[in-house]
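A closer look at the structure
The primary structure of each chain is shown beneath.
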Amino acid sequence: MNISIIVPFYNTKLLFIKSLIAQLSSLNKNNFEVIFVNDGSDSDISNFVSLECKAYGYTYIDLGANFGVSHARNIAICKAKFNYITFVDADDLIDLSVLNALIKYREIDLIMFKSDIFFADKDIKQSTYELNEVVFEKHLDELYSQNIFNISMRSACGKILNKKIILNNKKYFDEELPFYEDALFFAVVTFPFAVSSI
């Protein structure tokens, strides 16, 4: 499995985006591509990310104006060269050992993995969901009945999705929705495909 990592950003704090860019630099470019989508950020952050993308060999897409995260993700989906995609917010960090472990999987429609929320002004974190066992040959309609699964579907992050599901069904992020676009997107594109949870 080769994975395209899609990172839309709009005026993200420099400290956060610097950390993410540096972290992603250790990934093997044969297995991963990184796509940063500038959704109308100010010139300082735009110039910084553009230069960093050139230095690390990442793809940089400048939308020229703020169209919203859904539009930014949709553009990147169409530009992604690999068959699997994952969405990362620009102020996120990733456990690279998890990503590297996932490249061994083949012919899976959706992979979900553990995600934590860190609060910048507190020394605590909130676990958004805990899915540790690997579940193969299980359909999403079974998992939708589990409250913990429903919580995890509210975010586009923490998942790896087979791009063919999006392209074959022509289902993208709804650019008209002001919120809950992540939940609608995954509800529409994944049901009733097989899922693996890690």
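Residues numbered from 1 in each chain as written. Predicted model: local features only at pLDDT ≥ 70, side-chain atom pairs only at ≥ 80, totals over all residues. Heavy atoms only, no water.

1. Focus: the pairing of strand S9 (residues 159–162)
Formally: Only protein chains enter the accessibility calculation, which uses a 1.4 Å probe; a residue whose area is less than 20% of its type maximum is buried, one above 50% is exposed, and one in between is partly exposed. To qualify as a helix, a DSSP run of H or I must reach at least 4 residues; to qualify as a strand, a run of E must reach at least 2; elements of each kind are numbered from the N terminus. Between any two strands, at least two bridges found by DSSP are needed for them to pair.
Residues Lys159 and Leu161 line one face of S9 and the alternating positions Ile160 and Asn162 line the opposite face, and both faces are buried. Examined bridge by bridge, strand S5 (residues 110–112) and S9 share 3 bridges and lie antiparallel to one another. Bridge pairing links isoleucine 111 to isoleucine 160 in S9.

2. Examining the nonpolar core
Keep this limit in mind: Here, nonpolar core means buried Ala, Val, Leu, Ile, Met, Phe, Trp, Tyr and Cys residues that are tied together by side-chain atoms lying within 4.5 Å of each other. The criterion used for residue contact is that any of the two residues' heavy atoms lie within 4.5 Å.
Ile5, Ile17, Leu24, Phe36, Val49, Leu99 and Ile160 are the most contacted members of the largest nonpolar core, which totals 31 residues. At the level of secondary structure, the elements contributing two or more residues to this core comprise strand S1 (3–9), helix H1 (14–24), strand S2 (32–38), helix H2 (43–56) and helix H4 (96–102). Aside from chain neighbours lying at most four places away, what touches isoleucine 17 is Phe9, Thr12, Phe36, Ile45, Phe48, Val49 and Ala90. Counting residues in hydrophobic clusters, the runner-up holds 21 residues, among them Leu63, Ala156, Ile166 and Phe186.

3. Section: the packing of H1 against H2
Heads up, the condition is: Here an axis means a line fitted to C-alpha atoms, over the contact stretch when the element is a helix, while the angle between two N-to-C directions is reported on a 0 to 180 degree scale. Throughout, the term roughly parallel applies to angles under 35 degrees, roughly antiparallel to angles over 145, roughly perpendicular to angles from 65 to 115, and oblique to all others. Following the grouping adopted for this structure description, the nonpolar residues are Ala, Val, Leu, Ile, Met, Phe, Trp, Tyr, Cys and Pro, the charged ones are Asp, Glu, Lys and Arg, and the polar ones are all others, Gly among them.
Closest axis-to-axis distance for the H1/H2 pair is 11 Å, and the angle between their directions is 10°. Between H1 and H2, the interaxial angle falls into the category roughly parallel. On H2, the residues that touch Leu14, Ile17, Lys18, Ile21 and Ala22 of H1 are Ile45, Phe48, Val49, Glu52 and Tyr56. Split by residue class, the contact of H1 with H2 holds 8 nonpolar, no polar and 2 charged.

4. What about H2?
Every α-helix winds through 3.6 residues per turn, so residues three or four apart in the chain are directed the same way. To keep it simple, the criterion reads: A helix is expected to span 1.5 Å for every residue after the first.
For H2, spanning 14 residues, the distance from its first C-alpha to its last is 20 Å, which sits close to the expected 20 Å at 1.5 Å a residue. Three or more residues of H2 are buried, namely Ile45, Ser46, Phe48, Val49, Ser50 and Cys53. Among the structural elements, S1, H1, S2 and strand S3 (59–62) are those in contact with the buried residues of H2. Just past H2, the residue glycine 57 takes up positive phi, approximately 80°.

5. Details of the packing of aromatic side chains
Rules: Any two of the Phe, Tyr and Trp rings considered here, Trp counted by its six-membered ring, make a pair once their centres fall within 6.5 Å; the pair's planes then place it as stacked at under 30 degrees, edge-to-face at over 60, or tilted in between. The criterion for a charge sitting over a ring is simple: Lys NZ or Arg CZ within 6 Å of the ring centre, and within 35 degrees of the ring normal.
As enumerated under the stated definition, the model contains 6 aromatic pairs in all. A centroid spacing of 5.2 Å and a plane angle of 85° characterise the contact between phenylalanine 87 and phenylalanine 173, whose relative ring orientation is edge-to-face. A residue pair is termed long-range when its members are at least 10 positions apart, and phenylalanine 87 in strand S4 (residues 84–87) and phenylalanine 173 in the loop between helix H7 (163–169) and helix H8 (181–190) qualify at 86 residues. On the basis of relative accessible area, phenylalanine 173 is assigned to the buried category, the value being 3%. The cationic tip of arginine 73 hangs over the ring face of phenylalanine 87; the distance from NZ or CZ to the ring centre is 5.6 Å. Against the face of phenylalanine 173 rests arginine 73, its NZ or CZ located 5.0 Å from the ring centre.

Any functional reading would require information that these geometric values do not contain.
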